[in-house]
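# Remarks on the overall topology
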Amino acid sequence: MISICLIHAMITSPIFALSSAEELWTGLVPRYRIHDSIFLAESVGGDSNPSQPMFNWGIGVTLSAENSLAKLDSSRKSRLTQVLMMCERYWNPQGPVPGFDVLPDKKGDQDRYFDDNAWMVMALVDSYEITRDPRWLKSAEASLTYVLSGEDDKLGGGIYWKEREKTSKNTCSNGPAAAACLAVYRNSKNPQHLAKAQQIYSWTKAKLLAPDGLYWDNIRLDGSLDKTQWSYNSALMLRTAKELAQITGKSVYCEDAEKLESACIKRWVKADGTIDDELQFAHLLFENLDPKNFDAKGCVSKLLEGRNSAGFFGTRWGKTSEGKHQIIHQASAVRALATYELLRRRK
């Protein structure tokens, strides 16, 4: 979902005289097609395995990119449906709770990630809102059930990162889980989803908010902290705070969002337009910042500088790279560019 602040913000600068997000994506996707398969490859070039399907995290970002492109051009809904059908092949109906696997068509022989499933919830809700096909909302609700099964009372609550290896509770699983609850709540109006979002948000804030106003990566079961800071962890807590402020009207969430947004811009948004993080993290920060508070056009311009001579985006915002090119970085860039195009149309 594009953030509330982004939807309503005004960007007066004209779009660059460059290829659109749709044109860029159309040029990239065929390079990742696996021969005689509906799947897309995890990476191409370098030491890539051309028959290795993308991991579930990548397909979640790919679906989010396709959602944004379908919003720009309704004729792409048929393409979006094809991607959704591919997503279904990642679904594992086995227990203890059904959920999306890391890879397609592999049942029971891999650990599953609660954060991967939270990304799928948000993307599937977005797909439902575009297509109005209830099967995708039903799929989102089923995946949310899986996400919430990752919570227990150790450390006073919180959702684990992985299903089997339960060693840490991460911001990357809890921030997206709270946002996923709100995405489903937006359509279900089930008060339990709103209450759960507030609960998870409060737990994450209490356990993982750093003194600099940003979020640490995870807390281990012994109480020790991994103090790495990734932009997407703070971005999803920012998104949740903004949505909770709008839904509940409580000033605490608005105050949280203002402080967190200021800290995010100070840490990651550079004067030259770089969002100083890896693309799969940085695009989520970009789409959840209020463009009144940063130079969105400059960031888009810098992002486009990161394409190499073959047309691939690099691993970091505005930085070119050679060799192996993961699809998640390409989808992240296209999602960001489509977000910007949607902003301009809604001004």
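Residues numbered from 1 in each chain as written. Predicted model: local features only at pLDDT ≥ 70, side-chain atom pairs only at ≥ 80, totals over all residues. Heavy atoms only, no water.

## Focus: unusual backbone geometry
The step from Gly-95 to Pro-96 runs through a cis peptide bond, and the omega angle for that step is 10°. Within the element layout of this structure, Pro-96 appears in the loop between strand E2 (91-92) and strand E3 (99-100). We note that Asp-36 has phi near 60°; this positive angle belongs to a residue other than glycine. Relative to the helices and strands, Asp-36 resides in the loop between helix H2 (21-28) and strand E1 (43-44). A relative accessible area of 70% means that Asp-36 is categorised as exposed. Not every positive phi belongs to a glycine, and Leu-155 is a case in point at roughly 65°. (Helix = DSSP H or I, 4+ residues; strand = E, 2+ residues; numbered from the N terminus. Buried < 20%, exposed > 50% of the residue type's maximum accessible area, 1.4 Å probe, protein only.)

## Some details on the confidence of the model for the protein
On average, residues of the protein score 93 in pLDDT, and 94% of them reach the 70 mark or higher. Ignoring residues within four places in sequence, the model shows residues 1-18, a span with pLDDT below 50, making 51 contacts including any to other chains. (pLDDT = per-residue confidence, 0-100. Contact = heavy atoms within 4.5 Å.)

## Re helix H4 (residues 77-88)
Between its first and last C-alpha, H4 extends 17 Å over twelve residues, near the 16 Å set by a 1.5 Å rise per residue. Every buried residue of H4 is listed here: Arg-79, Leu-80, Val-83, Leu-84, Met-86 and Cys-87. When H4 is viewed along its axis, its buried side chains cluster within an angular range of 155° and face the same direction. (Expected span 1.5 Å × (residues − 1). Arc of directions from axis to C-beta.)

## Overview of the pattern of salt bridges
Counted under the stated rule, the structure contains 22 salt bridges. Taking the shortest distance from any N to any O, the salt bridge between Glu-66 and Arg-79 comes out at 3.2 Å. Pair noted here: Glu-66 is in helix H3 (residues 56-72) and Arg-79 is in helix H4, with a separation of 13 residues, a long-range link. The burial state of Glu-66 is the same as that of Arg-79; both residues are buried. The shortest N-O distance in the salt bridge between Lys-196 and Glu-151 comes to 2.8 Å. (Salt bridge = Lys/Arg side-chain N within 4 Å of Asp/Glu carboxyl O.)

## Comments concerning the nonpolar core
Grouped together as the largest cluster of nonpolar side chains are 110 residues, with contacts concentrated most on Leu-63, Ile-275, Phe-286, Phe-313 and Trp-317. Not counting residues up to four positions away in its chain, the partners in contact with Trp-317 are Gly-273, Thr-274, Ile-275, Asp-277, Leu-279, Ala-282, His-283, Phe-286, Cys-299, Lys-302, Leu-303 and Ala-336. (Core = buried A, V, L, I, M, F, W, Y, C linked by side-chain atoms within 4.5 Å.)

## A closer look at the environment of Gly-45
Its location among the elements puts Gly-45 in the loop between E1 and H3. Between the alpha carbons of Gly-45 and Leu-63 there is a distance of 22 Å; along the sequence they are 18 residues apart. Those residues within four positions of Gly-45 in sequence are excluded, and the remaining contacts are Gly-323 and Lys-324.

## Considerations on the packing of helix H8 (residues 191-208) against helix H9 (residues 231-248)
It is the contact of H8 with H9, at a shortest axis distance of 11 Å, that shows an interaxial angle of 135°. With respect to their mutual orientation, H8 and H9 come out oblique. Considering the relative orientation of H8 and H9, their crossing is left-handed. Contact with H8, carried on its side by Leu-194, Gln-198, Tyr-201, Thr-204 and Lys-205, involves Met-237, Thr-240, Ala-241, Leu-244, Ile-247 and Thr-248 of H9 and no other residues of that element. (Axes fitted to C-alpha atoms, helices over the stretch in contact; angles between N-to-C directions. Parallel < 35°, antiparallel > 145°, perpendicular 65-115°, else oblique. Left-handed = near helix turned anticlockwise from the far one by under 90°.)

## Things to note about the sheet that holds strand E5 (residues 218-220)
Strand pairing in a sheet relies on backbone hydrogen bonds. The paired strands run either parallel or antiparallel. One open sheet accounts for three strands, arranged E4-E5-E6; its pairing is antiparallel. A single partner strand is all that each edge strand has here, and the edge strands are strand E4 (168-170) and strand E6 (225-226). Alignment of E5 against E6, held across two bridges, turns out to be antiparallel. Looking across to E6, one finds that Asn-218 is bridged to Asp-226. Packed on one face of the sheet, H8 meets E4, E5 and E6 and runs near 75° to E5. (Pairing = 2+ DSSP bridges.)

## Here we look at the packing of aromatic side chains
If you walk through the whole model with that rule in mind, you get 13 aromatic pairs. An aromatic cluster of at least three residues, connected via ring pairs, comprises Trp-57, Trp-119, Trp-230, Tyr-232 and Phe-281. The aromatic ring of Phe-312 is capped on one face by Arg-31, whose charged end is 4.7 Å from the ring centroid. Cation over ring: Lys-162 sits above Trp-161, and NZ or CZ is 4.9 Å from the ring centre. (Phe/Tyr/Trp six-rings, centres within 6.5 Å; stacked < 30°, edge-to-face > 60°. Lys NZ or Arg CZ within 6 Å of the ring centre and 35° of its normal.)

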